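# Examination of the molecular architecture
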Amino acid sequence: MPNKTFIPIDIRRACYAMTNANGTEAEISMYGDIVESQPINYWTGEPVEGDFIIQDEFLADLNTIISSGCKKLTLRMHSYGGDAGVSILIHNRLREISASGIQTVCIVDGVAMSGGSLIMCACDNVRVNPSSLIMIHKAWSFLFGGYNADEMRSKAKESDAWDKAQVEIYKRKCGMSDAVIMHMMSETATMTGREAFEKGFADEIIEDAEPLNIAASADRTAIFVKGQKLHLARGMTAPENIPIATPGQGDVNKITTKNEGGITMAKNLEELRAENPELASAVEAEVRAAATSENAANEANAANTERQRLADIDEIAHLYDAETVREAKYGENRCSAADMAFRAAQKAAKNGTAFMANAASDFAESGAAAVTASPTTPSGDAPATPEQKLADARTNVKTLLGKN
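Before going into details, it helps to say that this report is about the structure given with it. (Residues numbered from 1 in each chain as written. Predicted model: local features only at pLDDT ≥ 70, side-chain atom pairs only at ≥ 80, totals over all residues. Heavy atoms only, no water.)

## Some thoughts on a nonpolar patch on the surface
On the surface, Trp140, Phe142 and Phe144 cluster together to form a nonpolar patch covering roughly 490 Å² of accessible area. Along the chain, Phe144 turns up in the loop between strand E9 (133-136) and helix H4 (149-174). Taking relative accessible area as the criterion, Phe144 reaches 68% and is therefore assigned exposed. (Patch = residues over 30% accessible without salt bridge, like charges linked within 9 Å, V, L, I, M, F, W, Y side chains within 5 Å. Areas by Shrake-Rupley, 256 points an atom, 1.4 Å probe, with all protein chains shown as cover. Salt bridge = Lys/Arg side-chain N within 4 Å of Asp/Glu carboxyl O. Helix = DSSP H or I, 4+ residues; strand = E, 2+ residues; numbered from the N terminus. Buried < 20%, exposed > 50% of the residue type's maximum accessible area, 1.4 Å probe, protein only.)

## Thoughts on a negative patch on the surface
Together, Asp321, Glu323, Glu327 and Glu332 make up a negatively charged patch on the protein surface. Within the secondary structure, Glu327 sits in helix H9 (residues 322-330). (Lys, Arg positive; Asp, Glu negative; His and termini not counted. Charge placed at Lys NZ, Arg CZ, Asp CG, Glu CD.)

## Brief notes about the packing of aromatic side chains
A full pass over the atoms with the stated rule returns four aromatic pairs. Each ring, one from Trp140 and one from Phe142, has its centre 5.5 Å from the other, and the planes form 75°; the classification is edge-to-face. Phe142 carries the same exposure label as Trp140, and that label is exposed. An aromatic cluster is built from Trp140, Phe142 and Phe144, whose rings are joined through pairwise contacts. (Phe/Tyr/Trp six-rings, centres within 6.5 Å; stacked < 30°, edge-to-face > 60°.)

## Structural notes on the nonpolar core
Counting residues in hydrophobic clusters, the biggest one holds 52 residues, and the most contacted among them are Phe58, Leu62 and Phe201. Excluding anything up to four places from it in sequence, Leu62 contacts Met18, Ile28, Leu73, Arg93, Leu94 and Ile97. Ranked by size, the runner-up nonpolar core spans seven residues in total, among them Ile313, Cys335, Ala337 and Met340. (Core = buried A, V, L, I, M, F, W, Y, C linked by side-chain atoms within 4.5 Å. Contact = heavy atoms within 4.5 Å.)

## Examining the pattern of salt bridges
Applying the stated rule across the entire model yields 11 salt bridges. Among the ionic pairs, Arg95 bridges to Asp124, the shortest N-O distance being 3.4 Å. In this pair, Arg95 is assigned in helix H2 (residues 84-99) and Asp124 in the loop between helix H3 (115-120) and strand E8 (125-128), connecting sequence segments 29 residues apart. With relative accessibility at 35%, the residue Asp124 sits in the partly exposed group. Between Lys329 and Asp314 there is a salt bridge, with its nearest N and O atoms 2.4 Å apart.

## Structural notes on the environment of Asp178
For Asp178, the position within the fold is in helix H5 (residues 178-186). In this structure the C-alpha to C-alpha distance between Asp178 and Lys164, which are 14 residues apart in sequence, comes to 8.4 Å. Apart from the residues lying within four places of it in its own chain, the contact partners of Asp178 are Val167 and Lys171. A distance of 2.9 Å separates a polar atom in the side chain of Asp178 from a polar atom in the side chain of Lys171. (Polar contact = N/O pair within 3.5 Å; in protein donor to acceptor, adjacent residues only side chain to side chain.)

## Things to note about the pairing of strand E6 (residues 72-79)
Both strand E3 (residues 25-31) and E6 contribute to a ladder of seven bridges, which runs parallel. Counterpart to Glu25 in the pairing with E6 is Lys72. In this structure, E6 lies alongside strand E7 (residues 103-113), joined through seven bridges in parallel fashion. Within the sheet, the bridge partner assigned to Thr74 lies in E7 and is Val105. Viewed along the sheet, the connection from E6 through H2 into E7 turns out right-handed. (Pairing = 2+ DSSP bridges. Right-handed = clockwise from strand over helix to strand, strands pointing away.)

What follows is the structure in structure tokens.
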């Protein structure tokens, strides 16, 4: 059978290119905004100038490059996003390509924001530069015209569905919970390449230099950089995510005492800045990055704890008055659901005691204690009988008529 001759593929568009030069590895440079169709100027009817990745063109070119028989597809990304529906469509197509056995890699040359981050997360391996920017946010849309309340609620539910779809994409990549990802989207989270790597959105960081191999002393008051011990400032400790030095990795007894052969002599960061400014800057950057990661983790834990506190209160809110619930949630002395229940019980007990005291005071002031079952006359004698009252009445009448 005749040998098949491979024909190189080189597709060039305004904002992206697809190439397969050797038949096994293809590359896509994806630099532009993601749209369903070419934007048109409303007033002139002319195409809007810009770098647009158009749905049908892109998918057609993608099918061409995949049909060339490549085994690896590298996507170089620089996009501020665009249409969520088109972004999800491209994401799903790339996941299908990956499932067929073709290795997919995304390299974030610049930014991967909004829809760009959705497409990025489709790839098996995501590589970012420390200075790359990754942004995720909740879906939004334009509204024109007049709407009633039902129509507005319907639109909000539609937006909720878009957000849930995006959460599924991010969760598959980073492994974080729905609640944490939704919170990040609500805050419009923008991450550097290193932060995206730490949170699981990226798999590799493209470093220009070899890792510094940093470890901390047992009391975390010093760090070891390539075996050299550097004391931190007084009161400062290394973040928890910097590992403790293993035996031999950082041994103060093994530190060289003579500056022979270019060996670092610094005993702390101040001395290191004077002796080797570049290494000092790199060490400080690593420590700051570790501290940032730890702070981000603490903030995420705090956010989860607060959401759970509010959810617990909502579960029993129907048992209490609105003021008690509002105070527990947002008041100056906000508290847990258990504390809210205890406060409500104390309030009820206090109100019950006050009621009994007020009732006793009212009884004493009324003079009701002096009232007997049988009333008496002012003189203390027994009240007159009906016959006596009739006789007295007749006497009074006779007196009035002048009769004896």
